[in-house]
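Residues per chain are reported as follows:
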Amino acid sequence: MTATPLKLYAFDAEDLAVLSAHLQDAVLKASDIAYLARERRFALVCNRFDWTAAEAGDCQRRRTGLRVERVTAVKARAVPKGEDTVLELLAIHFEPEGGESPGGTMELVFAGGGAIRLVVECVEAAMDDLGPMWAGVATPRHD
């Protein structure tokens, strides 16, 4: 199955939930994560599991990039730092600061209890598929 590469943007919590759904069970190395403080940008490259293809019975992955703009601070909790450490992204959440404010905290939650928290001025993120799909080994399962 050859699916059209996705290019999605998030400008609010609802949009971010869509990105989160597409990135659920993405795997990446710790070395594929970067915070560019001067540009106020957080970025990662991962191998995204294609849940849409899975609905049709195909097990496929695709190289995908995620970038978050207007990031003012980054904190990691229980995220292994080894260059070859493989991480599995479970979800991305957003918690607004003070109710109506566009700013807040975006949290990337990883299997094993690790998380990366991004303090953002507002939700401004993009997900871009970077290449062709390839056959995956197995469909991720959750308890």
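Residues numbered from 1 in each chain as written. Predicted model: local features only at pLDDT ≥ 70, side-chain atom pairs only at ≥ 80, totals over all residues. Heavy atoms only, no water.

A short note on the overall build of the chain
Looking only at helices and strands, the chain features two helices and ten strands. Listed N to C, the secondary structure of the chain is β-α-β-β-β-α-β-β-β-β-β-β in terms of helices and strands. Its C-alpha atoms give the chain a radius of gyration of 15 Å, near enough to 15 Å, the size a compact globule of 143 residues would have. When the backbone C-alpha atoms are referred to their principal axes, the chain occupies close to 45 × 30 × 30 Å. Sorting the 143 residues of the chain into buried and exposed places 37% on the buried side. Pairs at least 24 residues apart make up 65% of the contacts formed inside the chain by residues separated by at least 6 positions. Of the side chains in the chain, 16 bear a positive and 22 a negative charge, and the two mean positions are spaced by 6 Å. (Helix = DSSP H or I, 4+ residues; strand = E, 2+ residues; numbered from the N terminus. Rg over C-alpha atoms; globule rule 2.2 N^0.38 Å. Buried < 20%, exposed > 50% of the residue type's maximum accessible area, 1.4 Å probe, protein only. Contact = heavy atoms within 4.5 Å. Lys, Arg positive; Asp, Glu negative; His and termini not counted. Charge placed at Lys NZ, Arg CZ, Asp CG, Glu CD.)

Looking at the nonpolar core
Core analysis: the biggest nonpolar cluster contains 27 residues, and Phe-42, Val-68, Ile-92, Met-106, Leu-108, Phe-110 and Leu-118 have the highest contact counts within it. Counting residues per element, the ones that place at least two in this core are helix H1 (13-23), strand S2 (26-29), strand S4 (41-49), strand S5 (60-69), strand S7 (86-96), strand S8 (104-110), strand S9 (115-120) and strand S10 (125-135). Ranked by the residues each element gives to this core, the list is headed by S7, at four residues. With near-sequence residues (within four places) excluded, Ile-92 lies in contact with Leu-16, Ser-20, Leu-23, Leu-66, Met-106, Glu-107 and Leu-108. (Core = buried A, V, L, I, M, F, W, Y, C linked by side-chain atoms within 4.5 Å.)

Re unusual backbone geometry
Among all residues except glycine, the phi angle is most often negative; among peptide bonds, the trans geometry is most common. Phi at Asp-25 is positive, roughly 75°, even though this residue is not glycine. Among the secondary structure elements, Asp-25 is positioned in the loop between H1 and S2. Accessibility expressed as a relative area gives 0% for Asp-25, which makes it buried. At Ala-78, a residue that is not glycine, the phi angle is positive and equals roughly 55°.

Side note on the packing of aromatic side chains
The tally for this structure, following the rule as stated, stands at one aromatic pair. A centroid spacing of 6.4 Å and a plane angle of 10° characterise the contact between Tyr-9 and Phe-11, whose relative ring orientation is stacked. Phe-11 sits in the exposed class, given a relative accessible area of 55%. (Phe/Tyr/Trp six-rings, centres within 6.5 Å; stacked < 30°, edge-to-face > 60°.)

As for the side chain of Asp-129
In this fold, Asp-129 is placed in strand S10. With a relative accessible area of 10%, Asp-129 lands in the buried category. Polar side-chain contacts of Asp-129 include one of 2.8 Å to the side chain of Arg-48. Discounting chain neighbours no more than four positions away, the residues touching Asp-129 are Pro-5, Leu-6, Arg-48, Arg-62, Arg-63 and Thr-64. (Polar contact = N/O pair within 3.5 Å; in protein donor to acceptor, adjacent residues only side chain to side chain.)

Notes on the pattern of salt bridges
Applying the stated criterion to the full structure yields 13 salt bridges. Across the pair Glu-121 and Arg-40 runs a salt bridge, and its minimum N-O distance is 2.3 Å. With Glu-121 in the loop between S9 and S10 and Arg-40 in the loop between strand S3 (33-36) and S4, this residue pair connects regions lying 81 residues apart in the sequence. In this structure, Glu-107 and Arg-77 form a salt bridge, with 3.7 Å as the shortest nitrogen-oxygen distance. Here Glu-107 is found in strand S8, whereas its partner Arg-77 is found in strand S6 (residues 71-77), with 30 residues between them in sequence. Since its relative accessible area comes to 18%, Glu-107 is described here as buried. (Salt bridge = Lys/Arg side-chain N within 4 Å of Asp/Glu carboxyl O.)

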